[in-house]
Amino acid sequence: MSGPFSRQIDPSFLYQSKGHKEALGRLQLVVENNNLGVLTGEVGSGKSTLIRCLFGNLDSKRYFPIYMSMTGLKPRDFYGELLRHVGEEIPFSLTKAKRLWSETLEARQEQGDKSLIVVVDEAQEMSPSMLTELRFVVGHQMDSCSLFPLIMVGQPKFRKTLRLKKHEAVAQRIPMQYHLSGLTPEETASYIRHQMQAASLTTPVFAESAISQVHAASQGIPRVINLICGQALFDGKQRGSNVIEESHIIRVLTDLDRQRGIVV
Ligand SMILES: Nc1ncnc2c1ncn2[C@@H]1O[C@H](COP(=O)(O)OP(=O)(O)OP(=O)(O)O)[C@@H](O)[C@H]1O
Ligand SMILES: [Mg+2]
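Residues numbered from 1 in each chain as written. Chains lettered and ligands numbered in written order. Predicted model: local features only at pLDDT ≥ 70, side-chain atom pairs only at ≥ 80, totals over all residues.

Colleague: Describe the overall build of the protein chain, naming the residues involved and giving the relevant values.
Modeller: Scanning the protein chain from N- to C-terminus turns up 11 helices and 7 strands. Projected onto its principal axes, the C-alpha coordinates of the protein chain cover approximately 65 × 40 × 30 Å. Here the protein chain holds 264 residues, and the buried ones make up 34% of them. (Helix = DSSP H or I, 4+ residues; strand = E, 2+ residues; numbered from the N terminus. Buried ≥ 20, exposed ≤ 12 C-beta atoms within 10 Å, placed from the backbone.)

Shown next as structure tokens:
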């Protein structure tokens, strides 16, 4: 499906809610200061989108961004992925992979290569062994005057994990942590307008009561807003409506519930 609520966004089309703006600013600082950062947020709140924007804004002559998803990644795969990105062979054992990664980092620094920026997304999916390894990675970062900025991104579960006593050593070493929540009712309204404008659409107009319904049903989560509004536009088009009213939204919500097997 294409349209104002479905496009993969271009960094220049980012809707700058207070939270998104603040998060992006802090992530930029993490990069500038070669620091460690954690970005957590509700499912669908825009974390990966922010990372795409952060990468899109970087000077490609200076930086070499590495993005990886933590889904099912074991420590050896973690180093393996890093090494693969910088064009190295991946040794079979964890110890060798770790050593080669350290050596690679040192060599890159000596040669004045582009600065690496590592982002690990879906950090809530980290395996227990990877979480333990994280302590080593973070400790090493600190001891070696932080060789590259490392940003971990995850759902609220990850924030909870970091609060556990056994991960205190890691948590204490993270100078930047930010949690992205849903948009406020006012932001939801401007987000919807922004998405319509970005797609150069002037009609239909979303009535205020419709926007309130969208906000209540989505809790201001952009991915859910997109889903509801995308369906509402479709519904409006079929009925030839110039205004998306509360009734359109209610119909969409009822239909979404029905499709998901929630009896209403
Ligand atoms: N600030 C924004 N401006 C424009 N669109 C946004 C913004 N934030 C989120 N979106 C939209 O919401 C969708 C979901 O965002 P994203 O995939 O970044 O969420 P997430 O927090 O990474 O979710 P998950 O927890 O599932 O990984 C995106 O596809 C994008 O279209
Ligand atoms: Mg994501």
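Right, picking up where we left off after that structure.
Colleague: Residues and numbers for the sheet that holds strand 4 (residues 150–154), please.
Modeller: Read from one edge to the other, the open sheet built from 5 strands follows the order 2-3-4-1-5, with strand pairing classed as parallel. Lying at the two open borders of the sheet, with one neighbouring strand each, are strand 2 (63–69) and strand 5 (176–180). Across the sheet, the mean angle separating the axes of adjacent strands is 15 degrees when strand polarity is ignored. Both strand 1 (residues 36–41) and strand 5 contribute to a ladder of 5 bridges, which runs parallel. Looking at the pairing, G41 lines up with L180 of strand 5. (Pairing = 2+ DSSP bridges. Axes fitted to C-alpha atoms, helices over the stretch in contact; angles between N-to-C directions.)

Colleague: So, helix 8 (residues 185–198): which residues are in play, and what are the values?
Modeller: Under the 1.5 Å per step criterion, the end-to-end length of helix 8 is 20 Å for 14 residues, consistent within 8% with the ideal 20 Å. Looking at helix 8, one finds that the buried residues are E187, T188, Y191, I192, Q195 and M196. Positive phi appears at S200, one or two residues downstream of helix 8, with a value of about 55 degrees. (Expected span 1.5 Å × (residues − 1).)

Colleague: Quick one: what's the story with unusual backbone geometry, residue by residue and with numbers?
Modeller: The step from T203 to P204 runs through a cis peptide bond, and the omega angle for that step is -5 degrees. Position of P204 among the secondary structure elements: in the loop between helix 8 and strand 6 (205–206). Notably, N34 is not glycine yet its phi reads approximately 55 degrees, a positive angle. When you line up the elements, N34 lands in the loop between helix 1 (18–32) and strand 1. Judged by local crowding, N34 falls into the partly exposed class, with 16 C-beta atoms found within 10 Å. Phi at Q219 takes a positive value of approximately 55 degrees, unusual for a residue other than glycine.

Colleague: Outline the packing of helix 9 (residues 208–218) against helix 11 (residues 246–259), supporting the account with residue identities and numerical values.
Modeller: Where helix 9 meets helix 11, the axes come as close as 7 Å, and the angle between the chain directions of the two elements is 30 degrees. When the axis of helix 9 is compared with that of helix 11, the two are roughly parallel. Between helix 9, through S209, A210, Q213, V214 and A217, and helix 11, the contact on the second element is made entirely by E246, H248, I249, I250 and L253. (Parallel < 35°, antiparallel > 145°, perpendicular 65-115°, else oblique. Contact = placed C-beta atoms within 7 Å.)

Colleague: How would you sum up the site of ligand 1? Please name residues and give values.
Modeller: Around ligand 1, the structure places 16 residues, and the nearest of them are G46, K47, S48, T49 and P222. Listing elements by their share of the shell around ligand 1, those giving two or more residues are helix 2 (47–57) and helix 10 (222–239). Inspection of the shell around ligand 1 shows a minimum of three residues originating in each of domain 1 (18–180) and domain 2 (185–256). (Near = placed C-beta within 6 Å. Domains from an automatic or database assignment.)

Colleague: How would you explain the pairing of strand 4 if you had to name every residue and give the values?
Modeller: With respect to burial, strand 4 is a largely interior element, 5 of its 5 residues being buried. Here strand 1 pairs with strand 4 via 5 bridges, running parallel. If you follow G37 over to strand 4, its bridge partner there is I151. The pairing of strand 3 (residues 115–121) with strand 4 spans 3 bridges and is parallel. Pairing of V118 across the sheet is with L150, part of strand 4.

Colleague: Explain the domain arrangement of the protein chain residue by residue, including any values.
Modeller: One can read the domain layout of the protein chain as domain 1 (18–180) and domain 2 (185–256). Computed from C-alpha coordinates alone, the two centres of domain 1 and domain 2 are separated by 36 Å. Here the side of domain 1 that touches domain 2 is built from residues that sort into no nonpolar, 3 polar and 1 charged. (Nonpolar A, V, L, I, M, F, W, Y, C, P; charged D, E, K, R; others polar.)

Colleague: Describe the confidence of the model for the protein chain, with residues and values.
Modeller: On average, residues of the protein chain carry a pLDDT of 91, and 95% of them reach 70 or more. For the protein chain, per-element mean pLDDT is lowest for helix 5 (residues 128–143), which scores 80, and highest for helix 9, which scores 98. (pLDDT = per-residue confidence, 0-100.)

Colleague: Lay out the environment of E245 in plain terms, naming residues and giving numbers.
Modeller: In this fold, E245 is placed in the loop between strand 7 (243–244) and helix 11. Spatially, the C-alpha atom of E245 lies 11 Å from that of L233, the residues being 12 residues apart in sequence. Ignoring sequence-local partners within four residues, the contact set of E245 consists of A207, S209 and A210.

Colleague: An account of the nonpolar core is requested, with residue identities and associated values reported.
Modeller: Ranked by size, the top nonpolar core spans 40 residues in total, and within it L27, L39, L50, V118, I151 and V153 carry the most contacts. Discounting residues that sit within four places of it in the chain, I151 has contacts with L27, V30, G37, L39 and V119. The next biggest cluster of nonpolar side chains, apart from the first, holds 18 residues, and it includes L183, F206, C229 and L233. (Core = buried A, V, L, I, M, F, W, Y, C linked by C-beta atoms within 7 Å.)

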